[in-house]
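Letter by letter, the chains look like this.
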Amino acid sequence: MHYRTGKKLAPVHWMVILWMVILFTMASCGSPPIPAPRPQTHISSPLAQNIQQQNQPLQQVIAYPPLPGALSSSIQLTVDGQPIFVEHYKDSNYARFAFAGRATIVIRTPQAEQYQISPHSYAIQTQKQAGALSFTLDQPRKLLLQMPNGTEKLFLFADAPETDAPNLGDPNVINISSYLTNTSGPQTAPIQRALDDASQRKAIVYFPDGKYVSGSLTIKSDTSIYLASGALLLSTGQIQDTRQQFLMFNGTQNARLYGRGAIDVQGLQLRRQNDNAGRVKILRTLNAKNITIEDLLLRDAGSWTVHLLASDTIHVTNLKIINDMNNTNGDGIDPDGSTNITIDGAFIYTTDDCFAVKASGLFQTTRPTDTVLIKNAVCYDRKSALKVGTETRHNISNVTFENNDIIHADRALALYMEDGSVMSNIIYLNNHAEVIGGDAKQRLIDFSISNRSGIGQIKNVQITNFTAAQFSPNPSVITGLGSSAITVTIQNLSIAGTTRTSAASAQIQVSNAMVNFQS
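Thresholds, definitions, all that
- Residues numbered from 1 in each chain as written.
- Predicted model: local features only at pLDDT ≥ 70, side-chain atom pairs only at ≥ 80, totals over all residues.
- Heavy atoms only, no water.
- Helix = DSSP H or I, 4+ residues; strand = E, 2+ residues; numbered from the N terminus.
- Buried < 20%, exposed > 50% of the residue type's maximum accessible area, 1.4 Å probe, protein only.
- Areas by Shrake-Rupley, 256 points an atom, 1.4 Å probe, with all protein chains shown as cover.
- Phe/Tyr/Trp six-rings, centres within 6.5 Å; stacked < 30°, edge-to-face > 60°.
- Lys NZ or Arg CZ within 6 Å of the ring centre and 35° of its normal.
- Core = buried A, V, L, I, M, F, W, Y, C linked by side-chain atoms within 4.5 Å.
- Contact = heavy atoms within 4.5 Å.
- Expected span 1.5 Å × (residues − 1).

Asker: Looking at this structure, how should I read the overall build of the protein chain?
Answerer: Looking only at helices and strands, the protein chain features 4 helices and 46 strands. Split into buried and exposed, the 519 residues of the protein chain put 53% on the buried side. Surface exposure of the protein chain reaches about 22,000 Å², of which carbon and sulfur atoms provide 49%.

Asker: Mind showing me how you'd approach the packing of aromatic side chains here?
Answerer: On inspection of all chains with the given rule, the structure shows 13 aromatic pairs. Aromatic side chains Y349 and Y380 sit 5.2 Å apart centroid to centroid with 45° between the ring planes, which places their arrangement in the tilted category. In this pair, Y349 is assigned in strand β30 (residues 347-349) and Y380 in strand β33 (residues 378-380), connecting sequence segments 31 residues apart. We note that Y349, like Y380, is buried. Each ring, one from Y428 and one from F447, has its centre 6.2 Å from the other, and the planes form 15°; the classification is stacked. A residue pair is termed long-range when its members are at least 10 positions apart, and Y428 in strand β38 (residues 422-429) and F447 in strand β40 (residues 443-449) qualify at 19 residues. An aromatic cluster of three or more residues is present, and its members are Y89, Y94, F155, F157, F347, Y349 and Y380. The ring of Y258 carries R256 above its face, with NZ or CZ at 3.6 Å from the centroid.

Asker: What am I meant to see in the nonpolar core here?
Answerer: Nonpolar side chains tend to gather and get buried jointly when the protein is soluble and globular. Of all hydrophobic cores here, the largest spans 88 residues; its most connected members are F207, L233, I263, I333, F355 and F447. For I333, the residues in contact, after removing those within four places along its chain, are V306, L308, V316, L319, I321, I343, A346, I348, C354, F355 and A356. Of all hydrophobic cores here, the second largest spans 43 residues; its members include L137, V213, L297 and Y380.

Asker: Honestly, helix α3 (residues 188-201) in this entry has me stumped. Any pointers?
Answerer: Think of an α-helix as turning once every 3.6 residues; residues three or four places apart then point the same way. When the terminal C-alpha atoms of α3 are compared, their 20 Å separation across 14 residues agrees well with the 20 Å that a helix rising 1.5 Å per residue should span. Contact partners of the buried residues in α3: β13 (173-175), β14 (204-207), β15 (210-214), β16 (217-218), β17 (224-227) and β18 (231-235).

Pasting the structure below:
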């Protein structure tokens, strides 16, 4: 219909217009559709940038390139309309990107609307349609999305933008490519030469996007190693090229390993071909001091992934670990006979313990473990999540687990004293557990003293603001040995939505222990 200026509308015309307005208003009240992907990164206009600088962080999405040899997943992912590569790796899928400000995540795959997002403590609100799920992030997160039955896992690693990436061409930056003459086979010798030169110059070895195959390497003092987001440092997977660890910081001081790239040792292959000789760790420090490890993705360890042995002042930040669930003994991060350790924001998907704070005495380094802080981690494992022990050949004290999310573990909180030492001042603060079970013990809390090489003590343990989504299949256990009692204080323990104020109501079996519930 066409209307001319100055003409009055007939009543029927007014009714048509009124009905159109009503229908449009009703449609607008429903859930907005999940946005379709846009082909380009969204960067605000100059005017919008000025407004954002005054009021909120600049909107920005940075897609990381696929790692060399990556298999594309059937899952589709966009962030603010920009496609993000999803890699299918082992039994799961993962996506990596960085963003600033606020970002809308859209996932498309059959039955995506059934995905559950963990950690539950983040309380992320979603929109769902058939084959699609969307939500918004306003800060960096590490998430696990999975079907209700635990199949089809998707890990989402949403980083903050890098602020201190080195620049190729700067005088203190060594481009590893300038050392490589043979890019088709193992490059152990030239990579080691570059690392040694960096130590002499106090320089940074820069690995640009690409694949770098190597045997085990040693990092000396005053060395920094940076892996770009598309760089993959890959073990040969052959035992003749590999020592007990892929990267060794032996007596090293003032070193840094960082960047958004990945390190993979092909641990399952090493184990299947070499049995126990293939128990290769990705990274070990020994008698090291002032070491920083941050932002990297570590994959497929042959044994413990990161072993911090007899070292002091180690900072591990924003590390992601994905191990093969067909392997065994794959601890995530193990502080061992070390002091002043801070582990912040780790994501660990592994077969054994996420964290095992210990005093093993390996390499004849029987030393105490003291002042360890593990916080803001996301854990998925098949054994213990937040553990101290089992190796307790020296005293372990002042260990704090704070604000960690346990998505899945056989035991959430575990303390094992077996070697006659003293474990003291162990603090569990503001931790959360979702699913517990699946292996031998299936307990929320499992504290015990046994006599492997002496009867030790566990004292001054504090559990504060611990939230468990449900009871574990088996009752929790706090068990001392003989006259050696365990002393534990519990405050604000919530299980299955109810605050528990006694051992009985919390389903904790207590023997040779003093457990004090505080209001």
